[in-house]
Amino acid sequence: MTVHLHWFLPTGGDGRTLVDRHAYTDGGIARSRVTPVSGVRAPDIEYLAQIAKAAEQLGFEAVLTPTGTWCEDAWLTTVALAQHTERLKFLVAFRPGVLSPVLAAQMAATYQRITRGRLLLNVVTGGDSTEQRRFGDHLDHDRRYARTDEFLSVVRGVWSGKPYDFDGEHFQIEGGLTALPPDPLPEIFFGGSSAAAGPVAARHTDVYLTWGEPPEQVKQKIDWIRGLAEKEGRTVRFGIRLHSISRDSAAEAWATADRLLDDLDPETVAAAQEALGRSESVGQRRMLALHGGSRDKLEIAPNLWAGVGLVRGGAGTALVGSHADVADRIEEYHALGVEHFVLSGYPHLEEAYWFGEGVIPDLAARGLLPRIPASPLRGVPAANGRPASAPGGAPLLVAGGR
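Source: prediction; values computed, not measured.

Caption draft 1: Looking closely at the overall build of the protein chain. Looking only at helices and strands, one finds twelve helices and 13 strands in the protein chain. The burial tally for the protein chain puts 56% of its 402 residues in the buried class. Taking the contacts inside the protein chain whose residues are at least 6 apart along the sequence as the reference set, 74% of them involve residues at least 24 apart. Total accessible area on the protein chain is roughly 16400 Å²; 52% of this is exposed by carbon and sulfur atoms.

Caption draft 2: The arrangement of the pattern of salt bridges in detail. All told, the structure shown has 23 salt bridges when counted by the stated rule. Residue E169 is joined to R143 by a salt bridge in which the shortest nitrogen-to-oxygen separation is 3.6 Å. Of this pair, E169 sits in the loop between β5 (164-167) and β6 (172-176) while R143 is found in helix α5 (residues 141-158), placing the two residues 26 residues apart along the sequence. By relative accessible area, R143 is classed as partly exposed at 38%. Residue D362 is joined to R366 by a salt bridge in which the shortest nitrogen-to-oxygen separation is 2.6 Å. Bridged by salt links that share partners, the residues D328, E331, D362 and R366 form one connected network.

Caption draft 3: Quick look at helix α1 (residues 45-58). If you check α1, its first and last C-alpha atoms are 20 Å apart, about what 14 residues at 1.5 Å a residue would give, namely 20 Å. Within α1 the residues assigned to the buried category are Y47, L48, A49, I51, A52, A54, A55, E56 and L58. Its buried side turned inward, α1 meets β1 (4-8), β2 (62-65), α2 (74-81) and α12 (348-365).

Caption draft 4: Examining the environment of V359 more closely. One can find V359 in helix α12. Looking at V359, the relative accessible area reads 0%, which means it is buried. Separated by 36 residues in the primary sequence, V359 and H323 place their C-alpha atoms 4.9 Å from one another. Those residues in contact with V359, other than ones at most four positions away along the chain, are S246, H323, V326, A327, I330 and W354.

Caption draft 5: Region of the structure containing the packing of helix α3 (residues 101-115) against α5. One way to put it is that α3 packs onto α5 with a least axis distance of 8 Å and a crossing angle of 50°. Viewed along their axes, α3 and α5 adopt a mutual orientation that is oblique. Both α3 and α5 take part in a crossing whose hand is right-handed. On α5, the residues touching P101, V102, A104 and A105 of α3 are F151, V154, V155 and V158. Per-class residue counts for the contact of α3 with α5 are eight nonpolar, no polar and no charged.

Cut-offs used in this document
Residues numbered from 1 in each chain as written. Predicted model: local features only at pLDDT ≥ 70, side-chain atom pairs only at ≥ 80, totals over all residues. Heavy atoms only, no water. Helix = DSSP H or I, 4+ residues; strand = E, 2+ residues; numbered from the N terminus. Buried < 20%, exposed > 50% of the residue type's maximum accessible area, 1.4 Å probe, protein only. Contact = heavy atoms within 4.5 Å. Areas by Shrake-Rupley, 256 points an atom, 1.4 Å probe, with all protein chains shown as cover. Salt bridge = Lys/Arg side-chain N within 4 Å of Asp/Glu carboxyl O. Expected span 1.5 Å × (residues − 1). Axes fitted to C-alpha atoms, helices over the stretch in contact; angles between N-to-C directions. Parallel < 35°, antiparallel > 145°, perpendicular 65-115°, else oblique. Left-handed = near helix turned anticlockwise from the far one by under 90°. Nonpolar A, V, L, I, M, F, W, Y, C, P; charged D, E, K, R; others polar.

Right, dumping it as structure tokens:
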């Protein structure tokens with residue numbers, strides 16, 4: 001079982017700090033309690049194309065694109081970016097509560113034909129009722145997962161290419177059909193830590209995603225979902241969502257983490273924690289419990305840093321260390337059964353290069369990747385006579401050393 005590496009597209013904006021561009025007060029509309037940040041990069045297509053091209057060049061298999069009020073639409077953005085790339089796949093996040101399952105199946109089929117098979121699907125049931133109501137969804141937490149269960153049954157049913165009927169609580173479908181089913185069928189990624197989420201994952205998901213908890217907690221989740229899937233007669237693969245701060249030395253990496261932490265004032269952290277604490281998501285509560293809102297003891301496991309979760313919802317932990325340290329932790333998770341690693345970093349362009357030029361060759365040398373991606377710059381001399389992308393050197397696109 002080899003490792004599958006994926007990067008992240010910051011379609012809500014990017015920057016050199018951890019202050020999420022999704023503001024936290026009043027549902028993100030008023031920003032009076034969030035410190036203004038400099039160096040914010042707009043998520044325009046030119047910048048996102050830079051990240052997508054870098055990810056493809058460095059050897060990432062796919063990029064995750066989020067869903068929600070504060071980011072660009074994932075379907076439209078990624079199909080545009082497919083025209084700027086050749087092999088890169090797109091892990092498109094979407095909410096089943098605001099889209100017909102038959103339409104979603106048809107959209108996936110069209111997407112596969114346009115991109116020649118580069119679609120992966122990330123089904124996001126939603127853990128924030130305020131956000132859900134913005135889109136006209138008024139179901140409570142557990143009923144949202146029940147609806148997702150039905151939604152995925154319909155999607156897989158209409159992908160058969162034959163008329164499909166379904167009579168459920170949330171969907172009633174008569175003769176549902178995708179006349180030209182997607183080829184190949186997109187893999188379905190899905191996450192959820194609640195009792196309501198587990199059976200949905202067991203019945204429908206190809207890859208169960210967890211946020212970056214310590215290895216022992218991840219092992220417990222894997223055992224839980226694997227047991228549920230066995231009862232359904234299915235096999236589920238596993239993935240993890242993490243940030244990354246990888247440098248030529250551990251000291252440099254931790255200095256970067258410290259700098260990101262120093263950029264956060266107490267008011268910004270308090271506002272973020274207050275808002276995140278209202279989430280109905282069990283996974284979000286588990287993320288918050290890792291640090292308890294405190295800056296103390298943020299290294300919650302070797303090279304696993306919870307500082308991101310002080311201000312960012314969702315994935316709140318980062319792998320921090322030398323390239324070898326980060327590769328060690330990936331190998332540790334992989335030994336537990338984690339196959340897919342969905343990674344990100346601030347800023348996403350520079351961190352893609354740090355990881356791609358530092359960690360990916362190490363993982364390949366350990367036999368965890370099928371090959372070391374060949375850089376198109378290998379052997380091309382720079383003005384100083386040094387290779388343009390020399391091993392051990394700084395990434396090409398680091399701005400201001402950060």
